[in-house]
Amino acid sequence: MTENRKKTKRQKQQKERASIRPGELFLVRLGGLFLLLGAVAVAAYWAQQKLRDPSLLPVQSVVLDGDFLHTERDELQQVVARAIRGGYFTLDVREIQSAVRELPWVAGATVRRVWPDTLVVSVIEHQPFARWGDKRLISDQGVVFAPATIDPFNGLAQLAGDDEQAKEVLRQYRYVSKSVENLARVERINQNRRGGWTFWLDNGPRIELGTEELPRRLVRVTHFLKRLGEQAAAVEVIDARYSGGVAVKVKQQALENPEQPEESQA
């Protein structure tokens, strides 16, 4: 009797399942899928809102990495602290990088998170190559920057020109210095607004190269400097802006000595 009842019940359930049409079954399953997706979306939204909470996992420590020869660690720490807004997940790494790169000696900076509450700030400093004008420096990469003072670097050569041409000025300085390295040291080089080049040597003369045929003119200058030897100290200007030679102007105090070269063309 009991077994017959169970059999009848199973048959009834099978008939009920069989009475559900395929289209209705699809809708039931689709509804279940939407319910599942809705639950996932709600959970994701809740998690996102929690992660946006600035009080969640606040940054507890900042590690500074780099060779700090000119940048003050305390100043860098203060800049980073002011730029941190939010917790571990919400802070803007790019904003912190930009703030650090505003420091005059910083050539590059990277910021990365370290779980669960640490920031690592890596800094690369400019390598000063020469003075740029009277109050700034130029790096070995041709970047002009303005530290608080350039007094410790007064012994470096002085370069000058438009800031937009800084890399070209640096390139020409290296080229000219290499050309005369066995004769003298280039103390200054300048590119004027018309593109003309002038440089000064530590043994006296100012050299005018102009804007054209710079390699040829520089060759004429170096040959003439070799001929002058120690007498170069008595020369004020060597002007190479001539097609066949150079013009020379002797310093006023050297005119009394007949053995020194007078203003002439060579």
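This text goes with the structure placed above it.
Residues numbered from 1 in each chain as written. Predicted model: local features only at pLDDT ≥ 70, side-chain atom pairs only at ≥ 80, totals over all residues. Heavy atoms only, no water.

Chemist: Got a sec to walk through the nonpolar core? Specific residues and values, please.
Modeler: By size, the foremost hydrophobic cluster in this structure holds 31 residues, and its most contacted members are Leu159, Ile189, Phe199, Leu201, Leu209 and Ile238. Every element with two or more residues in this core is listed here: strand S4 (128-132), helix H5 (166-180), strand S8 (186-191), strand S9 (197-201), strand S10 (206-210), helix H6 (214-228) and strand S11 (235-239). Setting aside residues up to four positions removed in sequence, Leu159 forms contacts with Ala130, Arg131, Trp132, Gly133, Ile138, Val169, Leu170, Tyr173 and Ile189. (Core = buried A, V, L, I, M, F, W, Y, C linked by side-chain atoms within 4.5 Å. Buried < 20%, exposed > 50% of the residue type's maximum accessible area, 1.4 Å probe, protein only. Helix = DSSP H or I, 4+ residues; strand = E, 2+ residues; numbered from the N terminus. Contact = heavy atoms within 4.5 Å.)

Chemist: Outline the sheet that holds strand S1 (residues 61-65), listing residues and values.
Modeler: If you trace the 3 strands from one edge of the open sheet to the other, you get S1-S3-S2, paired in mixed fashion. The open sheet terminates on both sides in strands that have one partner only, identified here as S1 and strand S2 (106-114). Direction aside, neighbouring strands of the sheet carry axes that sit 20 degrees apart on average. Sheet topology note: the S1/strand S3 (residues 118-125) ladder contains 5 bridges and is parallel. Within S3, the residue paired with Asp65 across the bridge is Ser122. Those strands touched by helix H3 (residues 73-83) are S1 and S3, and its axis lies near 135 degrees from that of S1. (Pairing = 2+ DSSP bridges. Axes fitted to C-alpha atoms, helices over the stretch in contact; angles between N-to-C directions.)

Chemist: Could you give me a rundown of unusual backbone geometry, with the residues and numbers involved?
Modeler: Looking along the chain, the bond that leaves Trp115 and enters Pro116 is cis, with omega of 5 degrees. Relative to the elements of secondary structure, Pro116 occurs in the loop between S2 and S3.

Chemist: Outline the side chain of Gln97, supporting the account with residue identities and numerical values.
Modeler: Tracing the backbone through its elements, the reader meets Gln97 in helix H4 (residues 93-101). For Gln97, a relative accessible area of 15% gives the class buried. In contact with Gln97, not counting residues within four places along its chain, are Ala109, Thr110 and Val111.

Chemist: With reference to specific residues and values, describe the pattern of salt bridges.
Modeler: Inspection of every chain in the model, using the stated rule, returns 6 salt bridges. Between Lys178 and Glu181 there is a salt bridge, with the nearest N and O atoms lying 3.3 Å from each other. Residue classification places Lys178 among the exposed residues on the basis of a relative accessible area of 57%. (Salt bridge = Lys/Arg side-chain N within 4 Å of Asp/Glu carboxyl O.)

Chemist: For the packing of H5 against H6, give the residues involved together with the corresponding values.
Modeler: Between H5 and H6, whose axes approach to 10 Å, the crossing angle comes to 35 degrees. In this structure, H5 crosses over H6, and the sense of that crossing is right-handed. Within the contact between the two elements, H5 uses Gln172, Tyr175, Val176, Ser179 and Val180 and H6 uses Leu214, Pro215, Leu218 and Thr222. (Left-handed = near helix turned anticlockwise from the far one by under 90°.)

Chemist: Outline H6, listing residues and values.
Modeler: Helix length check: H6 (15 residues) gives 21 Å between terminal C-alpha atoms against 21 Å at 1.5 Å per residue, within 8%. Of all the residues in H6, the buried ones are Leu214, Arg217, Leu218, Arg220, Val221, Thr222, Phe224, Leu225 and Leu228. In the core, the buried residues of H6 are packed alongside H5, S9, S10, S11 and strand S12 (247-250). (Expected span 1.5 Å × (residues − 1).)

Chemist: Could you give me a rundown of the side chain of Glu125, with the residues and numbers involved?
Modeler: Inspection of the secondary structure assignment puts Glu125 in strand S3. Separated by 3.1 Å, the side chain of Glu125 and the backbone nitrogen of His70 make a polar contact. A polar atom in the side chain of Glu125 sits 2.7 Å from the backbone nitrogen of Thr71. (Polar contact = N/O pair within 3.5 Å; in protein donor to acceptor, adjacent residues only side chain to side chain.)

Chemist: Now, about the environment of Glu72: what can you tell me, with residues and values included?
Modeler: Among the structural elements, Glu72 can be located in the loop between S1 and H3. Taking the relative accessible area as the measure of exposure, Glu72 reaches 53% and is therefore exposed. C-alpha separation for the pair Glu72 and Trp105, spaced 33 residues apart in sequence, amounts to 9.6 Å.

Chemist: Would you mind going over the packing of aromatic side chains in detail, with residue names and values included?
Modeler: The tally for this structure, following the rule as stated, stands at 6 aromatic pairs. Centre to centre, the rings of Tyr88 and Phe89 are 5.3 Å apart; their planes meet at 85 degrees, and the pair counts as edge-to-face. Note on Tyr88: relative accessible area 9%, which makes it buried. According to the relative accessible area criterion, Phe89 is partly exposed, its value standing at 38%. Judged by centre distance (5.4 Å) and plane angle (90 degrees), the rings of Tyr88 and Trp115 are edge-to-face. Of this pair, Tyr88 sits in the loop between H3 and H4 while Trp115 sits in the loop between S2 and S3, and the two are 27 residues apart along the sequence. By relative accessible area, which is 57% here, Trp115 ends up exposed. Members of the aromatic cluster, each reached through a chain of ring pairs, are Tyr88, Phe89 and Trp115. The positively charged end of Arg188 is found above the aromatic ring belonging to Trp200, 3.8 Å away from the centroid. (Phe/Tyr/Trp six-rings, centres within 6.5 Å; stacked < 30°, edge-to-face > 60°. Lys NZ or Arg CZ within 6 Å of the ring centre and 35° of its normal.)

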